Each structure stands twice: as structure tokens, then as C-alpha cells.
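Overview (structure and organization)
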Amino acid sequence: MFHCKPAASVAALVISASLSGLASAPAFAAENLRFAIGWPPGSSAEESTQHFADVAEEESGGELAVKVYALSLLNFLESTSGVRDGVADLTTVLTPYFITEFPEMNYATELASLAELEDGDPARNVMAYNGALMEYIFFKCPDCQAELEAQNHVYLTGSGSQSYFLQCTKPVSSVADLEGLRVRAGGAFWARWASAMGATAVSMSINETFEGLSQGVVDCVAASAPELTNFGFIDVVTDMTPGVPGGSFVSGVAQMNRERWAEMSEANKIALLKASASLSARGVYSYYEVGNANMEMAREKGVAIHEPSAELVEKTKAWIKSDAEALGASYAERFGLEDADAKLATLRELMGKWSELTAGVESEDQLRQIYWDQLHSRIDVATYGQ
């Protein structure tokens, strides 16, 4: 409490009032947000996140200013605790890095393979599964919301890679071709698939994989088409097999500190949700476009593109079905996940719905509008994340 003598000047009174106001102001300035990502400067992910910042500023009428910190405030391993503790206001959380903290969400992200059971273009299936996963987390999974609350997070949006396929240094098109091959697997799903097909799953950092392919340490990598240029695989692979194993890497690309969210006005929350729909669409669709361009580039460079045999496709689909059913028991045993069968059924139903919703998408703007209309606009900002 500040006291002024009767003879105090008007200026002193103004200063006193200003200091009192500062003392009662919230810890975070309402108009400034820090968005920390684990990708480096200059990456497409940084560009997408800056797009989020631009949309948030525009939609809030300039009230929100989002500063993007690319691999400078938090790395991927620090993301969860960093936003939980307020080091940053927003971050991307790659949930497979935090399986103990987010088992419910990880269970759902591992089921991205369900997209491979749908008809249509595998390269765009992630548009559908990303929508299905967001609807599940927003509206269908109270257990997901509970674990977000436990980490002091609010989930705003997700995104994901294209469907993974084999990028190799030798021809692969059949089950027999896979026998004994060494396949770099970037996650548990792809490691399980490789083993089920008779190959050997190799755990290796994505940053070491180019050298692994060029030196023959691995014969193939399961990766999405953008990684052909992101990590230089296009300069070493000679053969590719689209269609197998499938699966996408999907995760939460914008999760926010819970107290910071609660301080926001409803109008600014809506602005953030509009930016979130834009971020999700930008991330998914830019990967789709880069992937298509990379496939054409690979053809021009003479990379042989093989059709998987009917036997390999059917064996993969049958394995995906059985793996999805077995996954629930594994999560129940390891993390106490309940009602796995019901959750699997919900995600299957949502995947069917979203396959129809995204079937005709031909632009990023179309995808953004679908995400906004079907998901983010339906969130009750007066109660969500409270």
C-alpha cells in the first residue's frame, strides 16, 4: 500500500495509482504469448507456427501478439514441463515422448494406422485422422482432458505427417522381399510392423538415418514423403514402395498453459482457436503438397517406385486390425487404460466420418474451414479448459 502526504503532487498520485495497478496485474501480459517449438529456425514447422501467430493477431484485432521461439526456449523434451510451469505459454507436444504423462492421448495417436483401412489416397488420409483425433480429444475423451489438466495444459489443436512408406536401397514389393531386411523404425507401430513382416526393426535417430542407408546399416526407412528432402533420403534411396507400412505421426501442435488460457478474454480465446484451425490445416496440407512434389522429384531422379503385392497389402491390413485390437490390452496393463474396446470403436467411427468430410479437399483453405466448422467453432470457450 502506498501513502501520499496531503501536499503530494498530482504526479505523485498518478505514479502511486500506476504502481498499485501493476501490483494487481496478472503475471502474464494479456496481449503477449510465447510459443516455443522444438523445430529449428527456418523449418516448415516454424513457418506454420508463425502463421498461427499472424492469424491470432489478425483475428484478435491486434490484441494478441504471439512470439515464436524456434528451438530457443524449449526443446521437444522440455515442452511438457515448460508449458506446465509457465516457461512458455504454448508449445508443441510430441506425445510419444511423454507416454507416461499422456497414455490416453498416445493410445489414440498410435491408432493412426486405422487410416490405412479406409479407401482413398493414403497421402491425404492424415487429413482425416487428424480431424478424427481432434474431435476425439475435444469432445469424446474425458480421460484425455483429465490427463491434460493434470499437466496444466489445454489442448488447442493437432497435426500430423503423411502416411509412412518404405524408402529403400533395394527393390521391395513382397513379403518375401522383406524377410531379413533391416528397417529403420521411427516408433513402436513401425517396429511392430517390421517384425510382423519378417524384417528386423532398427532403432536409429532420424538424423543418423541418411548415413545408415548410405553405408548399408539399414536397407529401408519407414518415413513420409517430405522426409525425402527434409533429411536428404532422396539422394540415397533407389527404390520406394508407397502403401506400406502406413501409419502417421500425429500429435498436439498447440497446447497451452492452463492458467494463461483462463486469463484470456472469450474473444481472444476464439481468436486463438481460429489460429489453431489454421495451424492444423497449414501443417497437414503443406506436408501433403511437399510430399507430392517430392514423389515427382524422386521419379525424375530415376528412383524406382514399386507397387506392393496384394499379399503384402492384405497381410499389412490384417496385421493393422489385430494390432489395434491388441494395443488396448497393452495400454491397460502398462498404464491402467480403461474401456479400450469402446475407445477403439469411437475412433473407428470418427475415422469413417472424417474420411467423408475430407475426401474432396483440394486446398489448405478448404481444410481449415472444415476443421473450424466441425471442431474449433464448437468449443464452448466459457467452460473449455476450466
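Structural notes, computed from the coordinates. Fair warning: this is a prediction, and the values are worked out from it, not measured in the lab. (Residues numbered from 1 in each chain as written. Predicted model: local features only at pLDDT ≥ 70, side-chain atom pairs only at ≥ 80, totals over all residues. Heavy atoms only, no water.)

**Some points on the sheet that holds strand β4 (residues 153-160)**
Taken in spatial order, the five strands make up an open sheet running β2-β1-β3-β10-β4, and their pairing is mixed. Two strands lie at the open edges of the sheet, namely β2 (65-70) and β4, each paired on one side alone. When the angles between neighbouring strand axes are averaged without regard to direction, this sheet yields 25 degrees. Summarising the sheet, strand β1 (residues 32-37) and β2 pair through six bridges and their orientation is parallel. Its bridge partner lying in β2, Ala 36 is registered against Tyr 69. Against the sheet, helix α2 (residues 44-59) makes contact with β1, β2 and β3 (90-93), and its axis sits at roughly 170 degrees relative to β2, the strand it touches most. (Pairing = 2+ DSSP bridges. Helix = DSSP H or I, 4+ residues; strand = E, 2+ residues; numbered from the N terminus. Axes fitted to C-alpha atoms, helices over the stretch in contact; angles between N-to-C directions. Contact = heavy atoms within 4.5 Å.)

**Some remarks on the nonpolar core**
Counting residues in each nonpolar core, the largest one holds 73 residues, and the members touching the most others are Leu 111, Tyr 129, Leu 272 and Tyr 371. Residues in contact with Tyr 129, not counting those within four places in the same chain, are Ala 108, Leu 111, Ala 112, Ala 115, Val 250, Leu 347 and Met 351. Leu 166, Met 197, Ala 199 and Leu 312 belong to the second largest nonpolar core, which has 21 residues in total. (Core = buried A, V, L, I, M, F, W, Y, C linked by side-chain atoms within 4.5 Å. Buried < 20%, exposed > 50% of the residue type's maximum accessible area, 1.4 Å probe, protein only.)

**Section: the state of the cysteines**
Enumeration according to the criterion identifies two disulfides in this entry. Here Cys 141 connects covalently by a disulfide to Cys 144, the sulfurs 2.2 Å from one another. Classification of the bridge connecting Cys 141 and Cys 144 rests on its S-S torsion, roughly 75 degrees, and on that basis the disulfide is right-handed. Of the two residues, Cys 141 and Cys 144, neither departs from the other in class, the shared state being buried. Disulfide partner of Cys 168: Cys 220, at an S-S distance of 2.1 Å. Torsion about the S-S bond of the Cys 168 and Cys 220 cystine: about 105 degrees, corresponding to right-handed handedness. Taken together, the positions of Cys 168 in strand β5 (residues 165-168) and Cys 220 in strand β8 (residues 220-223) put the pair 52 residues apart, joining distant regions of the chain. According to the relative accessible area criterion, Cys 168 is buried, its value standing at 0%. (Disulfide = S-S within 2.5 Å.)

**Things to note about the packing of helix α4 (residues 103-110) against helix α5 (residues 125-140)**
Where α4 contacts α5, the axes come no closer than 10 Å and their chain directions differ by 155 degrees. Judged by the angle between their axes, α4 and α5 are roughly antiparallel. Judged by the sense of rotation from one axis to the other, the crossing of α4 with α5 is right-handed. Residues Met 105, Ala 108 and Thr 109 of α4 form the contact with α5, whose own contacting residues are Tyr 129, Leu 133, Tyr 136 and Ile 137. When its residues are assigned to classes, the contact of α4 with α5 shows six nonpolar, one polar and no charged. (Parallel < 35°, antiparallel > 145°, perpendicular 65-115°, else oblique. Left-handed = near helix turned anticlockwise from the far one by under 90°. Nonpolar A, V, L, I, M, F, W, Y, C, P; charged D, E, K, R; others polar.)

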